[in-house]
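What follows is the residue order along each chain.
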Amino acid sequence: MSGEHHPEWVIDPETPSVARMYDYYLGGKDNFAADRQAADQVVAAMPNVLEFTRANRRLVSRAVTMMAGHGVRQFLDIGSGLPTQENVHQVAQRAAPDSRVVYVDNDPIVLVHARALLADNPMTTVVEADLREPGSILDHPEITTRIDFDRPVALLMLAILHFVPDEDRPAEIVAKLRAPLVPGSYLVISHGHRGEVSRDVEERVRSAYGRTGAGDLVPRGADEVMTFFEGTELVGPGLVQVADWRADAEPFEPDLSRPGFLAGVGRVV
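**Student:** Mind showing me how you'd approach the pattern of salt bridges here?
**Tutor:** Think of it this way: side chains of opposite charge can pair up when their charged atoms draw near. Tallying each qualifying case throughout the model produces 13 salt bridges. Two residues, R206 and E202, come together in a salt bridge whose shortest N-O distance is 3.0 Å. Taken together, the residues R206 and E202, both in helix 9 (residues 199–210) and 4 residues apart, mark about one turn of the helix. For R206, a relative accessible area of 25% puts it in the partly exposed group.

Here you go:
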């Protein structure tokens, strides 16, 4: 019933979920009417959201394939979202079957679906933890038994940091998660960028996300997103629009007028 209190572990179909909205953008079926309503509000305000969310999935394939080709065999995907085609484990284990993958999320429906999907994959698991508490991730027993931080690790945070408000100090969160990474590790981030959209469009998009359990969406500029990569060396074209990221591309100045996701891959040196 509307207005009823829902414990954290109960899936509430009446409150939009960012993971289920994202699933809807990708053409998935694991979403409720409330998710579709909120997502449709975003699409009406910013139609290219479908383009850049799908480009974000292609980033997974390109970046993971590149990192596996450079010998990375451990992948930690924080804020992984609902399982869909070309997940990190599918790409990584196709390139290198001995790859170990840990997904981290705190959305109940993500955990249910991911655990069902991964039940027969001993090299991959999903754990419940919150990005805003990096210590709970780094010290999680399922993570510490599967991820050897003395060896290179690929740390992925795709389309998740823009749900962390400034008061929660997202740069400090990233720094804590990046701290144990040894040289040869990688940091992969995509992040919402408002571009030159009108204030009205931004407010309509943020209003839709404000109804979700994650709360407000905080778009950030390229300079702010770059701070997340401190301690790494950007590869490929640098920090660019997500659709433009290619591992073998030469650096170039991205078009920052377009709204969407900025993406970068940093190598720990």
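**Student:** Explain the nonpolar core here, please?
**Tutor:** It is characteristic of soluble globular proteins that their nonpolar side chains tend to be buried jointly. M67, F75, L76 and M157 are the most contacted members of the largest nonpolar core, which totals 80 residues. Of all the elements, helix 3 (residues 49–69) adds the most residues to this core, at 10 residues.

**Student:** Would you mind going over unusual backbone geometry with me for this structure?
**Tutor:** The phi torsion of most residues other than glycine is negative, and most of the peptide bonds are trans. We note that A159 has phi near 55°; this positive angle belongs to a residue other than glycine. Structurally, A159 can be placed in the loop between strand 4 (154–158) and helix 8 (170–178). When its relative accessible area of 13% is taken as the criterion, A159 is described as buried. Of note in this structure, R169 is not a glycine but carries a positive phi near 55°. Take R169: it is sitting in the loop between strand 4 and helix 8.

Parameters at a glance
Residues numbered from 1 in each chain as written. Predicted model: local features only at pLDDT ≥ 70, side-chain atom pairs only at ≥ 80, totals over all residues. Heavy atoms only, no water. Salt bridge = Lys/Arg side-chain N within 4 Å of Asp/Glu carboxyl O. Helix = DSSP H or I, 4+ residues; strand = E, 2+ residues; numbered from the N terminus. Buried < 20%, exposed > 50% of the residue type's maximum accessible area, 1.4 Å probe, protein only. Core = buried A, V, L, I, M, F, W, Y, C linked by side-chain atoms within 4.5 Å.

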